[in-house]
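# Geometric and topological summary
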Amino acid sequence: MNTLTGTIHGRYASEKKAILSLCANHDCYSINDLAHELETSIPKITRIVTEMIQEGFLVETGKLELATGRRPSLYGLNPDAGNFAGVDVNRDSIIIAVSNFSGSITCVIEDVPFTLQPTEDSVASLCTLVKGELKKAGVDLKSIRAYGVNLTGRVNHRTGYSYSYFLGEEKPISQLLEKGFGQRVVVENDSRAMAYGEYMGSLKGAEGNILFLNVGWGLGMGMVMDGKLHYGKSGFSGEIGHFPLLDNDCVCQCGKVGCLETGASGLALHRLILEKLQQGRSSLLSKAYAAEEPITLESILDAIAREDVLCIECVEQVGYTLGRAVAGLINIFNPDIVVIGGRLSTTERYLMPSLRSAVNKFSLNLVSNDTAIKVSRLGKRAGAIGASFLSKNRILNELS
């Protein structure tokens, strides 16, 4: 495997690994700052940084702005030292993003058709497909230092197991992915990766706590607390979709009744529309329904874009239910920002007014006044971008 550990060696290997980890989290440092962080001398750090520049890991990025005196040089990761690929696995497609060594997104490949099944052959096919798409996009596979792969549902990023694509106790999916890619793989829950992508991308530099709600076919949440992803004791935090909030007698995909996901998700929107079509309500989807053709989430989103009254009415209902949950989250966490992402965020024009209305009604004013509610700026790219960032930062942080 093309790992960073194997390329860092010599007398100052531990210091070099620590510097890579620092730069992965905080961009650029001066010689003085690095000496302070590593609790060592300036001459020693100067020698180490010079070696890392010669080895291709660091570059001079500019000068530190000072009011007076000589401006010291700043050093950061060399963008040409390698790439990191992120793969967001959706229900029927994948999105791929590539970031360079310094964290800039260099390539995004959207909506590649694929449906992952919980089998070894399907995992191998995913790896083959991703590598093929990267080659077509002109990405040198030898330059990729690690892959990040997002999966829906419960994912243990430490052990590499996915409980949505479970392959047996002795075979974590990360092991099969590493075999297929021939490289280190970091697996992550899709909502957490989306939260991290938004935090490191469109919200870079934001302070405090950020909640990201992934409103797709299901409903998940990623939490950034004090600049770090929050996992909880067992690594499964963020299962907001299975919060028992509703009294609707709807059986959730998890087997429980009354989960928030049954009223605030793409699945809920789909069910509401089918119920109203069955009642004889008119819609752009009525013809397809009468012909017993499948009504997909994509066809619903298309009808909303074409201002279908029935579908808009249902998405507003979903937005209001989601807003009640957001009000509760604000009351509990008092976050700086709540970001609404996922496929239903494309219905922003109709989803957000009803969501905000519920937040205003159910949240405590003193708590919610300072919380901003935004729609994801990265859109459907958030997960893949987050996966690429996570693979980079996790690999570099593990070195120190």
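Now for a quick tour of the structure.

Rules behind the numbers
Residues numbered from 1 in each chain as written. Predicted model: local features only at pLDDT ≥ 70, side-chain atom pairs only at ≥ 80, totals over all residues. Heavy atoms only, no water. Helix = DSSP H or I, 4+ residues; strand = E, 2+ residues; numbered from the N terminus. Rg over C-alpha atoms; globule rule 2.2 N^0.38 Å. Buried < 20%, exposed > 50% of the residue type's maximum accessible area, 1.4 Å probe, protein only. Lys, Arg positive; Asp, Glu negative; His and termini not counted. Charge placed at Lys NZ, Arg CZ, Asp CG, Glu CD. Arc of directions from axis to C-beta. Contact = heavy atoms within 4.5 Å. 1 Å grid on protein atoms, 1.4 Å probe; cavity = no way out; pocket = protein on both sides within 12 Å on 5 of 7 lines; lining within 4 Å. Points joined across faces, edges and corners; volume = space filled by probe spheres on them. Nonpolar A, V, L, I, M, F, W, Y, C, P; charged D, E, K, R; others polar. Pairing = 2+ DSSP bridges. Axes fitted to C-alpha atoms, helices over the stretch in contact; angles between N-to-C directions. Parallel < 35°, antiparallel > 145°, perpendicular 65-115°, else oblique. Left-handed = near helix turned anticlockwise from the far one by under 90°.

### As for the overall build of the protein chain
The number of helices and strands found in the protein chain is 13 helices and 15 strands. Over its C-alpha trace the protein chain gives a radius of gyration of 23 Å, about what one expects of a compact globule, namely 21 Å for 400 residues. Each principal axis of the C-alpha atoms in the protein chain carries an extent, and together these give about 80 × 55 × 40 Å. With 400 residues in all, the protein chain has 54% of them scored as buried. Averaged over its 40 positive side-chain charges, the protein chain has a centre that lies 4 Å from the centre of its 43 negative ones.

### Re helix α2 (residues 31–38)
All of the buried residues along α2 are Ile31, Leu34 and Ala35. Within α2, the buried residues cover an arc of 100 degrees as seen down the axis, which keeps them to one side. In the core, the buried residues of α2 are packed alongside α1 (13–26), β1 (29–30), α3 (42–54) and β3 (73–77). Where α2 ends, the next residue or the one after it, Glu39, has phi of about 55 degrees, a positive value.

### Focus: the layout of surface pockets
Estimates place the volume of the largest pocket at around 1100 Å³. Along the wall of the largest pocket there are 41 residues; nearest its centre are Arg91, Thr152, Asp190, Trp217 and Gly218. Taken together, the elements giving at least two residues each to the lining of the largest pocket come down to β4 (83–89), β5 (93–100), α6 (190–200), β12 (219–225) and α9 (297–305). Broken down by class, the residue content of the lining of the largest pocket amounts to eleven nonpolar, 19 polar and eleven charged.

### Let's talk about the pairing of strand β7 (residues 144–151)
Within β7, eight of the eight residues are buried, leaving the element largely enclosed by the surrounding structure. Bridge count between β4 and β7: six bridges; the pairing is parallel. Paired with Asp88 across the strands is Asn150, a residue of β7. One ladder, built from six bridges, connects β7 with strand β10 (residues 184–189); its direction is parallel. Bridge pairing in β10 links Ala146 to Arg184.

### Some remarks on the packing of helix α7 (residues 266–278) against helix α10 (residues 309–333)
One way to put it is that α7 packs onto α10 with a least axis distance of 9 Å and a crossing angle of 135 degrees. With respect to each other, α7 and α10 are oriented oblique. Remark: the crossing between α7 and α10 carries right-handed chirality. Across the interface between the two elements, Leu269, Leu272, Ile273, Lys276 and Leu277 from α7 touch Leu310, Cys311, Glu313, Cys314, Val315, Gln317 and Val318 from α10.

### Some remarks on the environment of Gly103
Considering the arrangement of structural elements, one finds Gly103 in the loop between β5 and β6 (105–113). Judged by relative accessible area, Gly103 falls into the partly exposed class, the value being 22%. Separated by 290 residues in sequence, Gly103 and Asn393 place their C-alpha atoms 9.2 Å apart. Filtering out sequence-adjacent residues up to four positions away, Gly103 remains in contact with Phe389 and Lys392.

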